[in-house]
Amino acid sequence: MTTPAYKRVLLKLSGEALMGDDAYGINRATIERMVADVAEISNLGIELAIVIGGGNIFRGVAPGAQGMDRATADYMGMLATVMNSLALADAMRQAGLTARVMSAIGIEQVVEPYVRPKALQYLEEGKVVVFAAGTGNPFFTTDTAAALRGSEIGAQIVLKATKVDGVYTADPKKDPTATRYSSISFDEAISKHLQVMDATAFALCRDQKLPIKVFSIVKPGALKRVVMGEDEGTLVHV
């Protein structure tokens, strides 16, 4: 296949993916490698939006959050995603891409607020849109934010970037006989208790008939192979 399989995609990155081999924070070499992969698919003409988590930053202060009010802790996590989004957008700028960070919580001095028509306009103009601060509400994960924003912008697929190259029949680190699913239905993933995304995000994608592709962000060239429709990772579909 010489043309991409998708026109518009939503990429979900975990904050932990930015750490590289570090204990917390952002590893510069790691974020530059990720941005190179992003630039590669953006240059194919794919309209790309990104949702990023905040675990690499919030994990560093998590011991101090023990006993904290859940909503307060969630808002701290949202602010961590804003920091990651700014770092990602800056790295993309240095790589020659135009990125726009849009936050679900109001911090206009730093980034612009999320406005759906504006986000769609940016995508149509070829800009990479980074959605920060999750859904803007406590008790919802960035996985759910990815499912929500993917549905709102009319993405054809949610690309769930992980450290494992797909969904397996068992934990491949514990079971050497575990095999990777090339594709699996939502219902089958639920019945087999496969942890693809959190339950709210998974249900939203299933209801909206929005497929999910689980793949490894640390595997060289995997992101491009996914958008080209090659057999990479695991496709979860209706």
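Residues numbered from 1 in each chain as written. Predicted model: local features only at pLDDT ≥ 70, side-chain atom pairs only at ≥ 80, totals over all residues. Heavy atoms only, no water.

Examining the overall build of the protein
Here is the rule we go by: In this description a helix means any DSSP run of H or I spanning at least four residues, a strand means any run of E spanning at least two, and both kinds are numbered starting from the N terminus. Every radius of gyration here is taken over C-alpha atoms, with the globule rule written as 2.2 Å times N^0.38, N being the number of residues. Any residue under 20% of the maximum accessible area for its type is buried, any over 50% is exposed, and the rest in between are partly exposed; the area is computed with a 1.4 Å probe on protein chains only. Residue contacts are defined here by distance: any two heavy atoms, one from each residue, within 4.5 Å place the two residues in contact. Residue exposure ignores everything except the shown protein chains as possible cover, and the areas themselves are Shrake-Rupley values with a 1.4 Å probe. The charge count treats Lys and Arg as positive and Asp and Glu as negative. His and the chain ends do not count. One atom stands in for each charge, and that atom is NZ of Lys, CZ of Arg, CG of Asp or CD of Glu.
A count of helical and extended segments in the protein gives eight helices and nine strands. Taken over the C-alpha trace, the protein has a radius of gyration of 17 Å; the compact-globule value for 238 residues is 18 Å, and the two agree within 12%. Expressed as lengths along the three principal axes of its C-alpha atoms, the size of the protein is roughly 50 × 45 × 35 Å. Among the 238 residues that make up the protein, the fraction classed as buried is 50%. Contacts in the protein between residues at least 24 apart in sequence constitute 73% of all its contacts with a sequence separation of at least 6. For the protein, the accessible area works out to roughly 11000 Å², and carbon and sulfur atoms hold 52% of it. Positive and negative side-chain charges in the protein, numbering 25 and 26 respectively, have mean positions lying 2 Å apart.

A closer look at the packing of aromatic side chains
Threshold: Two aromatic rings, drawn from Phe, Tyr or Trp (for Trp, its six-membered ring), form a pair once their centres lie within 6.5 Å of each other, and the interplanar angle then sorts them: stacked below 30 degrees, edge-to-face above 60, tilted otherwise. The rule is short: NZ of Lys or CZ of Arg within 6 Å of the ring centre and within 35 degrees of the ring normal puts a charge over the ring.
Under the counting rule described, the total for this entry stands at two aromatic pairs. Judged by centre distance (5.4 Å) and plane angle (85°), the ring pair of Y114 and F131 falls under edge-to-face. On the criterion of sequence distance, the pair formed by Y114 in the loop between β4 (112–113) and α4 (116–124) and F131 in strand β5 (residues 128–132) is long-range, its members being 17 residues apart. Here the aromatic rings of F186 and F202 are separated by 5.1 Å at their centres, their planes lie at 65°, and the arrangement is edge-to-face. Here the residue F186 occupies a position in helix α6 (residues 186–191), and F202 occupies one in helix α7 (residues 199–207), the gap between them amounting to 16 residues. When the ring centre of Y122 is taken as reference, the NZ or CZ atom of R100 above it lies at 5.6 Å.

Here we look at the side chain of N27
Convention followed: Polar contact criterion, stated in full: a pair of N or O atoms within 3.5 Å, where within protein one must be able to donate a hydrogen and the other to accept it, and residues adjacent in sequence count only if both atoms are side-chain atoms.
Here N27 shows up in the loop between β1 (8–13) and α1 (28–42). Judged by its relative accessible area of 18%, N27 is buried. Separated by 3.2 Å, the side chains of N27 and D22 make a polar contact. Among all residues touching N27, those that are not within four sequence positions of it are L18, M19, G20 and D22.

Some words on the layout of surface pockets
Rules: Cavity: a set of points on a 1 Å grid over the protein atoms alone where a 1.4 Å probe fits but cannot get out. Pocket: an open set with protein on both sides within 12 Å along at least five of seven lines, its lining residues, like those of a cavity, having an atom within 4 Å of a point. Grid points are joined across faces, edges and corners, and a volume is the space filled by probe spheres set on the points. Each residue receives one of three labels: charged for Asp, Glu, Lys and Arg, nonpolar for Ala, Val, Leu, Ile, Met, Phe, Trp, Tyr, Cys and Pro, and polar for the others, Gly being one of them.
Of the volumes computed, that of the largest pocket is approximately 630 Å³. Taken together, 22 residues line the largest pocket, and the ones lying closest to its centre are K160, T162, V164, Q195 and V196. Taken as a whole, the second largest pocket holds about 310 Å³ of empty space. Around the second largest pocket, the lining is made up of 20 residues, and of these D74, G77, M78, F140 and T142 lie nearest the centre. Broken down by secondary-structure element, the contributors of at least two residues to the lining of the second largest pocket are α2 (55–61) and α3 (70–94). Classifying every residue of the lining of the second largest pocket by side-chain character gives six nonpolar, 11 polar and three charged.

Focus on the sheet that holds β1
The line we're drawing: By definition, two strands form a pair when at least two bridges between them are found by DSSP. Axis lines are fitted through C-alpha atoms, for helices just across the contact stretch, and the angle between N-to-C directions can take any value from 0 to 180 degrees.
Sheet architecture is open: nine strands sit in the order β4-β3-β5-β2-β1-β6-β8-β9-β7, paired in mixed fashion. Across the chains shown, the open sheet's two edge strands, defined by having one partner strand only, are β4 and β7 (183–185). As paired elements, strand β6 (residues 157–162) and strand β8 (residues 212–216) share five bridges and run parallel to each other. By the bridge assignment for β8, V158 is matched with I212. Strands in contact with α1 are β1, β2 (47–52) and β5; relative to β2, the strand with the most contacts, it is inclined by about 155°.

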